Amino acid sequence: MNAALHEVEQLDAQDPLRQFRDEFALKDGMIYLDGNSLGALPKVTLARMETTIREEWGEGLITSWLGADWVNAPRRVGDKIARLIGAKAGEVIVADSTSVNIFKALTAALSLQEGRKILLTEQTNFPTDVYMMQGLASFAGTGVDCLAVGPDEVIGRLNEDVAVLLLTQVHYKTGQVRDMAEVTRRAHEVGALVVWDLSHSAGAIEVDLNTANADFAVGCGYKFLNGGPGAPAYLFAAERHHHAQPVLSGWFGHARPFDFEEDYDAAGGIERFLCGTPSVLGMAALECGIDLMLRADIAEIRRKSVSLAELFIERMENRCGDFGFELVSP
Ligand SMILES: *Cc1c(COP(=O)(O)O)cnc(C)c1O
């Protein structure tokens, strides 16, 4: 056995996360490094999907909305995600895709920022974040402008015209980690609100939204949270912003959806950020991924990812430097 492999095996033997490998349906010997794009399949998800489909849907049919608690799943799973990202129960809801939640968070934030017209983001943000912002700005009659600037210019561009700043906490290409508390503080100083995209941070690093005094956040269910392809995403709104109005006023965001009233009356809490019927099957799979993540210590996950990254960087420098590779991550 070569020395490098031996070193890795020794590290592995002491790894407190080691037991989790058996929780995933990965082929023997596979080293999967793409959890940032599609998380692996937890074994327990297979059984859960079988039950949800065969029993809850197949046998329970419509009674499962109450009988299997489908109707509360967006809030139930949201409360679990809240524990991963430093939010309180009742501040996170599971719904839609990250892209759609970006739209809802931006419009809700705008509803609190009368007179301010600038949506600010970083040019190299994940493309859908910028696209959703551009679409909102171009929507007839909003009078809103989208400003996308270089990563180092964001803070300097904050001023009293900025309604909302949209940033991703961990950059999808460079791995740069933003100081959430500091950026939020700088934005609040000029009266701007911040929407944080947690797609590459929740489940990978410690996230503490309420300590940072965050306003809104969104994130993805199918990456580090292992929710499965196209898993529903989530949205956080700080309790103090629960009167904000996302434009998408679907019936599940109504205060009394099953009264079938003629006019829209937004739910009082985080439920107003729902839109249409929740994706029950997707949510069942996502809940399995979240439950698994909650059993792990996020500080251990971070420690391990840092040590693996350091090993990778060292090996690249030693063995591949001559081939013109250079480290771009800060
Ligand atoms: C993966 C990712 C998304 C994904 O958006 P979807 O609407 O779920 O496709 C959005 N933002 C960031 C920063 C991402 O990394």
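Keep in mind it's a predicted model, so treat the numbers as computed, not measured.

Asker: What am I meant to see in the nonpolar core here?
Answerer: Buried together is how nonpolar side chains tend to be arranged in soluble globular proteins. Among the nonpolar cores identified, the biggest contains 48 residues, and Ile85, Trp196, Leu198, Leu209 and Tyr234 are the most heavily contacted of them. Elements that contribute at least two residues to this core include exactly α4 (73–84), β1 (92–95), β2 (118–122), β4 (162–168), α7 (180–189), β5 (193–197), β7 (233–237) and α8 (280–295). No fewer than three residues from each of domain 1 (2–38 + 300–322) and domain 2 (50–290) sit in this core. Dropping the residues within four chain positions of it, leucine 198 is found in contact with Ile85, Gln169, Met180, Val207, Leu209, Ala217, Val218, Gly219 and Tyr234. Counting residues in hydrophobic clusters, the runner-up holds 28 residues, among them Leu106, Val164, Leu166 and Ala237.

Asker: Would you take a moment to explain α8 for this structure?
Answerer: The α-helix advances 3.6 residues per turn, and as a result positions three or four apart in sequence lie on the same side. Given a rise of 1.5 Å per residue, 16 residues ought to cover 22 Å, and the 23 Å separating the end C-alpha atoms of α8 matches this to within 8%. Within the span of α8, buried status applies to Val280, Met283, Ala284, Ala285, Leu286, Glu287, Cys288, Gly289, Ile290, Leu292 and Met293. Buried residues in α8 make contact with α2 (43–59), α3 (64–67), α4, β1 and α9 (298–320).

Asker: Please explain the site of the ligand as it appears in this structure.
Answerer: Around the ligand sit Ser97, Thr98, Ser99, Phe126, Thr128, Asp129, Thr168, Asp197, Ser199, His200, Tyr222 and Lys223, and that is every residue in its neighbourhood. Within the side chain of threonine 98, a nitrogen or oxygen atom sits 3.3 Å from an oxygen atom of the ligand. Take aspartate 129: an N or O atom from its side chain is 2.9 Å from a nitrogen atom of the ligand. About the coverage of the ligand: the protein hides 88% of its 390 Å² of free accessible area. Mapped onto the shell around the ligand, the elements with two or more residues apiece are α5 (98–111) and α6 (127–138). Considered class by class, the residues forming the shell around the ligand number two nonpolar, seven polar and three charged.

Asker: So what exactly am I meant to see when it comes to the pairing of β5 here?
Answerer: Regular strands have side chains that alternate between both faces of the sheet. With five of five residues buried, β5 is to be regarded as a mostly interior element. A two-sided burial pattern is seen for β5, the buried positions comprising Leu193, Val195 and Asp197 on one face and Val194 and Trp196 on the other. Of the pairings in the sheet, the one linking β4 to β5 comprises five bridges and is parallel in character. Opposite leucine 167, over in β5, you have tryptophan 196 as the bridge partner. In terms of handedness, the path from β4 via α7 over to β5 forms a crossover that is right-handed. Here β5 runs beside strand β6 (residues 216–219); their pairing, made up of three bridges, is parallel. What sits directly across from aspartate 197, in β6, is valine 218.

Rules and cut-offs
Position numbers for residues count from 1 along each chain, tracking the sequence in the order it is written. Owing to the predicted nature of the model, reporting of local features is limited to residues with pLDDT of at least 70; listing and counting of side-chain atom pairs is limited to 80 or more, with chain, interface and lining totals taken over all residues. Heavy atoms from the whole structure form the basis of all side-chain values; hydrogens and water molecules are not counted. We define the nonpolar core as a collection of buried residues of types Ala, Val, Leu, Ile, Met, Phe, Trp, Tyr and Cys that are connected through side-chain atoms lying within 4.5 Å of one another. Burial here depends on accessible area, computed with a 1.4 Å probe over protein chains only, as a share of the maximum for the residue type. Under 20% is buried, over 50% is exposed, and the range in between is partly exposed. The helix and strand labels rest on DSSP assignments: H or I over at least four residues marks a helix, E over at least two residues marks a strand, and numbering proceeds from the N terminus. An automatic or database domain assignment supplies the residue ranges for each domain. Contacts are residue-level and defined by heavy atoms, with any inter-residue pair within 4.5 Å sufficient. Any helix carries an expected span of 1.5 Å times its number of residues minus one. Put simply, a residue is near a molecule or strand once any heavy atom of it comes within 4 Å of that molecule or strand. Polar contacts, as used here, are pairs of N or O atoms within 3.5 Å; protein pairs need one atom able to donate a hydrogen and one able to accept it. Residues neighboring in sequence count only if both atoms are side-chain atoms. Methods summary: accessible areas were calculated by the Shrake-Rupley approach with a probe of 1.4 Å, and residue burial reflects only the protein chains presented. When residue character is reported, Ala, Val, Leu, Ile, Met, Phe, Trp, Tyr, Cys and Pro are called nonpolar, Asp, Glu, Lys and Arg charged, and the others, Gly included, polar. Note: two strands are recorded as paired if DSSP finds a minimum of 2 bridges between them. Looking down the strands as they point away from the viewer, one classifies a crossover as right-handed if the path from the first strand across the helix to the second runs clockwise.

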